[in-house]
Amino acid sequence: MSTIDWSHLQERAAAVMQQAYAPYSHFPVGAAGLVDDGRVVTGCNVENAGYGVTLCAECGMVSELVAGGRGRLVAVVVVDARGEAIMPCGRCRQLIWEHGGADCVLLTPEGPLPMREVLPQAFGPEALGKV
Ligand code: THU
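Residues numbered from 1 in each chain as written. Predicted model: local features only at pLDDT ≥ 70, side-chain atom pairs only at ≥ 80, totals over all residues. Heavy atoms only, no water.

So, about the side chain of Asp 80. The residue Asp 80 is located in the loop between strand E3 (73-79) and helix H3 (90-100) in this model. At 2.6 Å, the side chain of Asp 80 and the side chain of Arg 82 are in polar contact. For Asp 80, the residues in contact, after removing those within four places along its chain, are Met 17, Phe 27, Pro 28 and Ile 86. (Helix = DSSP H or I, 4+ residues; strand = E, 2+ residues; numbered from the N terminus. Polar contact = N/O pair within 3.5 Å; in protein donor to acceptor, adjacent residues only side chain to side chain. Contact = heavy atoms within 4.5 Å.)

Structure representation (structure tokens):
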């Protein structure tokens, strides 16, 4: 955890937050993830007149991760309009789990926490192989 440049990651999240399309909630969100090969992938929320179709910022981040050659998320920061760290919604914790797993570290409002604490007893790929 100590080797992660949280300030840089938070700045990247705040920068992409400025690109958010959030005309309905007026709650722009930015997400930035450090990949195990050193890349930083980012995303912003993209809302829709069909409210339920909204794409969270983390969706864009994961899309860039996979489109850019995959890799594992090592650290993730999600920010609000103030640039402050927020907790990802439940669905997005699941997205981060798939591509980062238990050891991926999330910057929470209370400081960095591993995903094993943010999403305890998570449902993951290994569960599919047990039955
Ligand atoms: N939002 C995200 O982008 N990520 C989250 O983890 C929480 C919520 C977005 C969805 C919607 O556009 C707005 O924040 C308000 O819910």
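Once that is clear, we can look at the pattern of salt bridges. Enumeration according to the criterion identifies 3 salt bridges in this entry. A salt bridge links Asp 80 to Arg 82, with the shortest nitrogen-to-oxygen separation between them at 2.6 Å. A residue is classified by how much of its surface remains accessible, and Asp 80, at 6% relative accessible area, is buried. Overall, the relative accessible area of 64% leaves Arg 82 in the exposed class. (Salt bridge = Lys/Arg side-chain N within 4 Å of Asp/Glu carboxyl O. Buried < 20%, exposed > 50% of the residue type's maximum accessible area, 1.4 Å probe, protein only.)

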